[in-house]
Amino acid sequence: MEDQVIGTHVIFPAAGHIIMILSAGYLSTLSEFEEFRHPRQPVHVSDLSIHAPLEMSKEIMLNIQTLVNFHNESDGSEISIHKRMERKEASKPWVCHAEAKFSSSIIDEDISNSNILDIAQLVSSLTPEDPNTFYESVHESGLNFGPTFRCIKQIWKGKMGTVCQFVIPNSGENYFVHPIASDAMIQALLMSQQQYMSHLTLPIKIANFSWYISLSPRIVYIFTQI
Amino acid sequence: MRKVAKMSGVTFVPTTLAKFKAIVNDQNINLPLMLEEEWIPADIQFTEKPSLVPAEIFSSLNFNNLSSEFKDEGDKTKFEH
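Everything in this summary refers to the structure shown in the same document. As the structure is a computational prediction, the values presented were derived from the model and not from experiment.

### Some points on the sheet that holds strand β2 (residues 9-11) of chain A
Residue and element names in this part refer to chain A. Across the sheet, which stays open at both edges, the 4 strands sit in the order β5-β2-β1-β10 with antiparallel pairing between neighbours. Looking along the sheet, the strands with just one partner apiece sit at the ends: β5 (55-56) and β10 (143-145). When strand β1 (residues 4-6) meets β10, the two strands line up antiparallel, connected through 3 bridges. For Ile6, the partnering residue across the bridge sits in β10 and is Leu143.

As structure tokens, this is what we get:
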């Protein structure tokens, strides 16, 4: 977690909120009791809003609550993430840091064959760039990625869009959506638009995030179409 | 390569380190409201609107349809989060 720091503050990343919302939504509705299977159908997070930065610290124990309000299968669940600094501060209110909706319904786009892309052909029309330029630029603005989150290894840019290559690490943890993957998508959006790189720029809302399938550690590509 | 994930409608807001530090230290604030209303430096002109550019992950998975792949990937393990 110390691999994503804003100034001197270790901040729980937006990608982490996505994973918590997905996990809470999935475990409360789809998974089997006391077992964690990777989802067998696409899962979606929508209307994610980050209300307050969630600072992490080795010195202070945080109490985190994730509340799930399940409506029905078509409407999904409303999920919120709350924090209180320490258990002894029982009189202090829980602060809501993020909220979103979770659903698992399959939509036509999820299974469409049009979602196939020839990355090799696309990359041949683009120009390679050094991803370290991006990481150095955002470092100057105050957003510091450590080695774990400096996950994008190659970038190609052009009129067609931006392609980023990254590797999902074999961390030994049982993520069905690895935080590196969701964070790399946010990084790719920052990389694709030059104006986002010159100032400290933070994601505070994500309208839609869909995960169609679980991935083992492997090389994958992110495409952002300008 | 086949699409594995899609993220769209991401709202980015610009701020500064000093202002972000003040936000972190005040746990009773509403981050989007504060950033929208007064925390965006005046010299930064781009507005607080969702990015129209989606980010999509593609992988070289070999499978014929999603349902069978989900069955294959649905390995039974203990939840460790």
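### Points about helix α4 (residues 179-192) of chain A
Helix length check: α4(A) (14 residues) gives 20 Å between terminal C-alpha atoms against 20 Å at 1.5 Å per residue, within 8%. Across the 14 residues of α4(A), 14 count as buried, placing the element largely inside the fold.

### Notes on the environment of Lys153(A)
All names here are of chain A. The residue Lys153 is located in strand β11 (residues 152-158) in this model. With 11 C-beta atoms packed within 10 Å, Lys153 lands in the exposed category. Linking Lys153 and Pro42, residues 111 residues apart in sequence, is a C-alpha distance of 27 Å. For Lys153, the contacting residues outside a window of four places in its chain are Pro131, Gln165, Phe166 and Val167.

### Focus on the pairing of strand β14 (residues 219-224) of chain A
With 5 of 6 residues buried, β14(A) is to be regarded as a mostly interior element. The pairing of strand β12 (residues 161-167) of chain A with β14(A) spans 6 bridges and is antiparallel. Counterpart to Gln165(A) in the pairing with β14(A) is Tyr221(A). Pairing analysis gives 4 bridges linking β14(A) to strand β2 (residues 55-59) of chain B, with the strands arranged antiparallel. Residue pairing across strands places Ile222(A) opposite Ile57(B), the latter belonging to β2(B).

What counts and how
Residues numbered from 1 in each chain as written. Chains lettered and ligands numbered in written order. Predicted model: local features only at pLDDT ≥ 70, side-chain atom pairs only at ≥ 80, totals over all residues. Pairing = 2+ DSSP bridges. Helix = DSSP H or I, 4+ residues; strand = E, 2+ residues; numbered from the N terminus. Expected span 1.5 Å × (residues − 1). Buried ≥ 20, exposed ≤ 12 C-beta atoms within 10 Å, placed from the backbone. Contact = placed C-beta atoms within 7 Å.

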